[in-house]
Amino acid sequence: MQLKTILNRVEYFKSFVYGKARWVDDDDRPTIEVNIEARKNGRVICSGCGRPAPGYDRLPERRFEFVPLWGIAVYFVYAMRRVECQTCGVKVEQVPWCDGKHQLTTTYRWFLAGWARRLSWKGVACAFRTTWQNVFRSVNHAVSWGLAHRSLEDIEAVGVDEIQWQRGHKYLTLVYQIDEDCRRLLWAGKDRTTKTLLRFFRMFGKERSGRLRFVCSDMWKPYVKVIAKKAPQAIHVLDRFHIMAKMNKSIDEVRATEAKRLERDGYEPVLKNSRWCLLKREENLTERQAVKLSELLQYNLQSVRSRLMREDFQRFWEYLYPACAAKFLDEWCTRTMRSKIDPMKKVAKTLRRHRELILNWFRAEGSISAGIVEGLNNKAKLTIRKAYGFRTAKAIEIALYHQLGDLPEPEFTHEFW
């Protein structure tokens, strides 16, 4: 079977035919060049407006890199024609295998973008003997096409969270669709400010925002403020994950402070190696940690009392009705405020301040959980880790859309996998 027959089968171009294929001796890698010729009766299309126009002249030959065959580099060689368009003036013609001034064919860019989901971008560049910049441009092309052709209709639930992508408190705000039948990244923006989340709602549109039923986020004040303004009809859920994480952080603060005080006052260091004994749920403790915890329970320590407060609070999530849960929450906050343990009192004040948003967890009947958001966040962190440190926020946004956006792709005559 001849090479031209294969190319016509997998990459057929209307108004163009494959010409002579020749072997090129290259010290770097084996290469095949395939000439492309325009049909005599084919129309020349203006790249500006996409309409037929009379020819003007020809430019020097250009090489367009195609998907390698059996590890052999394949290039299309074609002398681009210029057209004299009545609307656009003198323009270069539009060709079906490439656009703009790219040196990679569209098919090869989609090929590289597909492999970039499986490997790191550097790994793809090494595997196919191309450059990191070519892989980046290919992924950017796939993301741009996908964002332009995706559907944002019928979205009822979204989750908002942030991840740190570089040291020095450099964050990205991520907005996910968390409907039961579709979970994907909708938007990514630099920083975690009020203006950042406002940019998402401007992109999303007032009409779509008005159709949201549920919004899930943490207690970050800018997020709470923007969600209340832009989606007031939605049930804003502050999930148990963020609440319990804040409580565990307070317990750890109490333990660290108390351990230093015991050491300073010359007491036995009973809190040494006790961090995870206090933070873990009882059913998750190892045998050694369970023994350590039973020893600690014999002492009247603030760390132990803080842990018992947290375990008592776990009953809050077992209620079925918001009214009963609200009564328990109020009683727990009152008891905690009398404990004289400052970090836990701070948690109680936070819970009182966000009381109605916390009770929305019951109004949503537990159907919306930040566990979904945290799961997607873990995939986002893996993408950042696999990137080995992108230097610009734009590059990491493109990578996150590519991995988590569930973006559509055009239909191809043949899939190169």
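A brief structural summary.

### Let's talk about the side chain of Asp218
Note that Asp218 resides in the loop between β9 (214-217) and α7 (221-230). Of the side chains with opposite charge, Arg192 lies nearest to the buried Asp218, which makes no salt bridge, at 6.1 Å. Within polar-contact distance, the side chain of Asp218 engages the backbone nitrogen of Trp220 at 3.1 Å. Each residue touching Asp218, except ones within four places of it in the same chain, is listed here: Val160, Asp161, Glu162, Tyr223, Val224, Leu238 and His242.

### Section: the sheet that holds β9
Remark on secondary structure: sheet strands pair via backbone hydrogen bonds, oriented parallel or antiparallel. Strand order in the open sheet formed by 5 strands is β8-β7-β6-β9-β10, and the pairing between neighbours is mixed. In this open sheet, the two strands that pair with only one neighbour each are β8 (182-190) and β10 (235-238). The sheet shows a mean angle of 25 degrees between the axes of neighbouring strands, direction not considered. Bridging between strand β6 (residues 157-166) and β9 involves 3 bridges; their strand directions are parallel.

### Structural notes on the pattern of salt bridges
In this structure the tally under the stated criterion is 24 salt bridges. The partner of Glu153 in a salt bridge is Arg211, and the shortest N-O contact between them spans 3.0 Å. Placement of Glu153 in the loop between α4 (132-149) and β6 and of Arg211 in the loop between α6 (206-210) and β9 is noted, with a sequence separation of 58 residues between them. Residue Arg264 is joined to Asp265 by a salt bridge in which the shortest nitrogen-to-oxygen separation is 4.0 Å. Taken together, the salt bridges that share partners define one network made up of Glu153, Glu207, Arg208 and Arg211.

### Brief notes about the layout of surface pockets
Approximately 880 Å³ is the volume attributed to the largest pocket. Taken together, 28 residues form the lining of the largest pocket, with Glu162, Asp218, His242, Lys246 and Lys249 sitting closest to its centre. With 7 residues, the top contributor of residues to the lining of the largest pocket is helix α8 (residues 240-264). Classifying every residue of the lining of the largest pocket by side-chain character gives 9 nonpolar, 6 polar and 13 charged. Around the second largest pocket, the lining is made up of 17 residues, and of these Glu65, Tyr75, Gln103, Leu104 and Asn134 lie nearest the centre. Within the residue set of the lining of the second largest pocket, elements represented by two or more residues are β3 (55-69) and α4. Element by element, the count of residues in the lining of the second largest pocket is highest for β3, at 3 residues. Taken together, the residues of the lining of the second largest pocket break down into 3 nonpolar, 6 polar and 8 charged.

### Details of the packing of aromatic side chains
Under the definition given, this model contains 30 aromatic pairs. Here the aromatic rings of Tyr108 and Phe111 are separated by 6.1 Å at their centres, their planes lie at 25 degrees, and the arrangement is stacked. With Tyr108 and Phe111 both in helix α2 (residues 106-116), this residue pair falls 3 residues apart, about one helical turn. Given the relative accessible area of 0%, Tyr108 is considered buried. Accessibility expressed as a relative area gives 10% for Phe111, which makes it buried. Both rings, one in Phe313 and one in Trp317, keep their centres 6.1 Å apart while their planes meet at 85 degrees; by these two values the pair is edge-to-face.

### Looking at the nonpolar core
In this structure, Phe76, Trp97, Phe313, Phe316, Trp332 and Leu351 are the most contacted members of the largest nonpolar core, which totals 119 residues. In terms of residues, this core owes the most to one element, helix α16 (residues 393-404), which gives 7 residues. When neighbours within four sequence positions are excluded, Phe313 is seen to be in contact with Ile243, Met244, Met247, Phe328, Leu329, Trp332 and Leu351. Membership of the second largest hydrophobic core comes to 5 residues, among which are Val44, Cys46, Val83 and Cys85.

### Observations regarding the environment of Ser138
Relative to the elements of secondary structure, Ser138 occurs in helix α4. Exposure remark for Ser138: the relative accessible area of 0% places this residue in the buried category. Spatially, the C-alpha atom of Ser138 lies 35 Å from that of Ile227, the residues being 89 residues apart in sequence. For Ser138, the contacting residues outside a window of four places in its chain are Leu104, Arg109, Leu112 and Ala113.

### What to know about the side chain of Gln177
Checked against the element boundaries, Gln177 lands in strand β7 (residues 170-179). A distance of 2.9 Å separates a polar atom in the side chain of Gln177 from a polar atom in the side chain of Asp179. A distance of 2.7 Å separates the side chain of Gln177 from the side chain of Arg184, its partner in a polar contact. Residue contacts for Gln177: discarding those within four places in its chain leaves Ile155, Ala157, Cys182, Arg183, Arg184 and Leu186.

What counts and how
- Residues numbered from 1 in each chain as written.
- Predicted model: local features only at pLDDT ≥ 70, side-chain atom pairs only at ≥ 80, totals over all residues.
- Heavy atoms only, no water.
- Helix = DSSP H or I, 4+ residues; strand = E, 2+ residues; numbered from the N terminus.
- Buried < 20%, exposed > 50% of the residue type's maximum accessible area, 1.4 Å probe, protein only.
- Lys, Arg positive; Asp, Glu negative; His and termini not counted.
- Salt bridge = Lys/Arg side-chain N within 4 Å of Asp/Glu carboxyl O.
- Polar contact = N/O pair within 3.5 Å; in protein donor to acceptor, adjacent residues only side chain to side chain.
- Contact = heavy atoms within 4.5 Å.
- Pairing = 2+ DSSP bridges.
- Axes fitted to C-alpha atoms, helices over the stretch in contact; angles between N-to-C directions.
- 1 Å grid on protein atoms, 1.4 Å probe; cavity = no way out; pocket = protein on both sides within 12 Å on 5 of 7 lines; lining within 4 Å.
- Points joined across faces, edges and corners; volume = space filled by probe spheres on them.
- Nonpolar A, V, L, I, M, F, W, Y, C, P; charged D, E, K, R; others polar.
- Phe/Tyr/Trp six-rings, centres within 6.5 Å; stacked < 30°, edge-to-face > 60°.
- Core = buried A, V, L, I, M, F, W, Y, C linked by side-chain atoms within 4.5 Å.

Note that all results are geometric; they support no functional claim without further evidence.
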